[in-house]
Each structure stands twice: as structure tokens, then as C-alpha cells.
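Residue-level structure breakdown
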Amino acid sequence: MRILLVEDDAHLSDVLVRGMKEHAIEVVLARSVADARERVFFAAYEVIVLDVMLPGGTGFDLCTLIRDRGITTPILMLTARDAIADRVHGLTAGADDYLIKPFAFAELIARIRALARRTPGIVPERVQTADLVVDLATQRVSRSGHPLVLTAKEFTLLELFIRNEGAVVDRKTITARVWDDNHDPFANALEALVRRLRAKIDDAFEPKLIHTVRGAGYRFGLPHGRRA
């Protein structure tokens, strides 16, 4: 299971991330409204766990924005507020459940799993660039009809590239998405990962799809001026 946790309290978020990993829950962490907006619109999650009081805005506003964009991912709101009006506000904004701090970790896990069970079955999301075909739901990848086997990090990087096709993706974005905010990969880890992905999806095929933009990052897609 993969969730987005939007929580600015560093101590609490670190505790939750460690605890959820022990329950086989992958956590993508955002610490502000701006950070959450970047993460929620380019990747899919089974549940969004959203604090109310955040830098740059409120969880209520972010919840409303998520729903206005047509994202139906279940949302669990965390807050220290216990007034009925605040709970109603959260549910009206589009939240599916509400948990008041302080809470028992076991209850949080139970509520996340309950919300995940409500999510409709994932519809395979099949995307194609040139002759590269990727099913984002089943993580199956092929090029020119040949199946390609990617590691988890290689697929995560490919998914990031696909969701930003044609745009330059910088090192900071790649590091935050493929690793996490609390992990600083060794100096050449990012380049090594891009090299491994290129070896699998580009080396034996034309046209090349991963392009280095010097001093900026990487761009995925057909070379400029080329069409599928």
C-alpha cells in the first residue's frame, strides 16, 4: 500500500513513517500545502492522510482542491481540533474520515486500511511513448514488444518521467520521489539509477527517450522535432 502523508510536525511524521513501514505501508511525505500539491497531482496513492494545520494553508483548503481536481482517493484528516464544527468542515471539504490527535497508532493503521478497502479496483493505466508501453497499475513494461524487467526504483523513476513527459525533471524532484526527504543518496546514486534505466529502455532501441539537460536534469519523451 502507498499513501501520501501531509504532516508538518517533524517528530510525529518521522514516528508515523517508521511505524507504517513496519506495516508494509509505503509513505510519501509532504510537510506543507505547496509540497503536497506537487506530490498529489503527479502520482497515485491508495489513501491520503492530511493534517489540518499546515504551512502555507489549511488541510481543509487542500482537501477541497484535491476533490475539485477530480481526485477520489480516500482522505483521512488528522487534527488536534475536536470541535464538531471542524469535523463537519473536514467532511464537507471532501474528507472520508477524521482522527483527532492524540490518537493510538493502531487505530490510525486500522482506519487507513479500512479506507483503502473502499477504493475501487485500480483500472490499468496504460501509457505509450514511441514503442515503449507501460502499464502503471501492473508495472509491466515493454519496448518493441519485448518485456522489460525493472527494479522498484527504476520503475518509480520511469513513472516520474512518464507523468512529466516533455518537461525537465530536476535532481531534487527525482531524489524526493525515488528516495525520500530523510534520505540523502550517495553522490552518484541518481546518475547510476538513470544509467540503469537507460540501459533497459534505450540502449537497444531507437529513438532514445531519456535525454540529459545539462545543468537542469532530465527530459523524457521523443527527441524534439520527432513525432510518434
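Scroll up to find the structure this text is about.
Heads up: these notes are all about the structure in this document. Please read all numbers here as calculations on a predicted model, not as lab measurements.

So, the overall build of the protein
- In terms of regular secondary structure, the protein is built from 8 helices and 14 strands.
- The buried share among the 228 residues of the protein stands at 46%.
- Across the protein, contacts joining residues at least 24 apart in sequence account for 54% of those joining residues at least 6 apart.
- Of the roughly 11900 Å² of accessible surface on the protein, a fraction of 53% belongs to carbon and sulfur atoms.

A look at the nonpolar core
- Among the nonpolar cores identified, the biggest contains 52 residues, and Leu50, Leu132, Leu158, Phe161, Ile174 and Phe220 are the most heavily contacted of them.
- Setting aside residues up to four positions removed in sequence, Leu132 forms contacts with Val127, Val141, Ser142, Arg143, Leu148, Leu158, Ile201, Leu209 and Phe220.
- Ranked by size, the runner-up nonpolar core spans 19 residues in total, among them Ile3, Ile25, Ile109 and Ala116.

Quick look at the sheet that holds strand 14 (residues 217–220)
- The strand order 12-14-13 describes an open sheet built from 3 strands, whose pairing is antiparallel. The open sheet has two edge strands with one neighbour each: strand 12 (168–169) and strand 13 (210–213).
- Bridge count between strand 12 and strand 14: 2 bridges; the pairing is antiparallel. Counted as the bridge partner of Val168 is Arg219 from strand 14.
- Docked against the sheet, helix 8 (residues 189–201) engages strand 13 and strand 14, running at close to 145 degrees with respect to strand 13.

Looking at the pairing of strand 2 (residues 26–30)
- Among the 5 residues of strand 2, 4 are classified as buried, and the element is accordingly described as predominantly covered.
- As defined by bridge partners, strand 1 (residues 2–6) adjoins strand 2 across 5 bridges and the pair is classed as parallel. Pairing of Val6 across the sheet is with Ala30, part of strand 2.
- As for the winding sense of the linkage, the β-α-β connection from strand 1 through helix 1 (residues 10–22) to strand 2 is right-handed.

Overview of the side chain of Asp97
- Mapping Asp97 onto the fold places it in strand 7 (residues 97–100).
- Reaching out from Asp97, the side chain makes a polar contact with the side chain of Arg111 at a distance of 3.0 Å.
- Excluding its chain neighbours within four sequence positions, the residues that come into contact with Asp97 are Ile75, Leu76, Met77, Leu91, Arg111 and Leu115.

Topic: unusual backbone geometry
- Of note, the amide linkage connecting Lys101 to Pro102 takes the cis form, showing an omega dihedral of -10 degrees.
- Checked against the element boundaries, Pro102 lands in the loop between strand 7 and helix 5 (105–118).
- Geometrically, the link from Glu206 to Pro207 is a cis peptide bond, its omega value of -5 degrees lying close to zero.
- Mapping Pro207 onto the fold places it in the loop between helix 8 and strand 13.
- A positive phi angle, near 55 degrees, is found at Ala130, a position not held by glycine.
- Positionally, Ala130 belongs in the loop between strand 8 (126–129) and strand 9 (132–135).
- Among the residues examined, Ala130 registers a relative accessible area of 21% and is labelled partly exposed.

What counts and how
Residues numbered from 1 in each chain as written. Predicted model: local features only at pLDDT ≥ 70, side-chain atom pairs only at ≥ 80, totals over all residues. Heavy atoms only, no water. Helix = DSSP H or I, 4+ residues; strand = E, 2+ residues; numbered from the N terminus. Buried < 20%, exposed > 50% of the residue type's maximum accessible area, 1.4 Å probe, protein only. Contact = heavy atoms within 4.5 Å. Areas by Shrake-Rupley, 256 points an atom, 1.4 Å probe, with all protein chains shown as cover. Core = buried A, V, L, I, M, F, W, Y, C linked by side-chain atoms within 4.5 Å. Pairing = 2+ DSSP bridges. Axes fitted to C-alpha atoms, helices over the stretch in contact; angles between N-to-C directions. Right-handed = clockwise from strand over helix to strand, strands pointing away. Polar contact = N/O pair within 3.5 Å; in protein donor to acceptor, adjacent residues only side chain to side chain.

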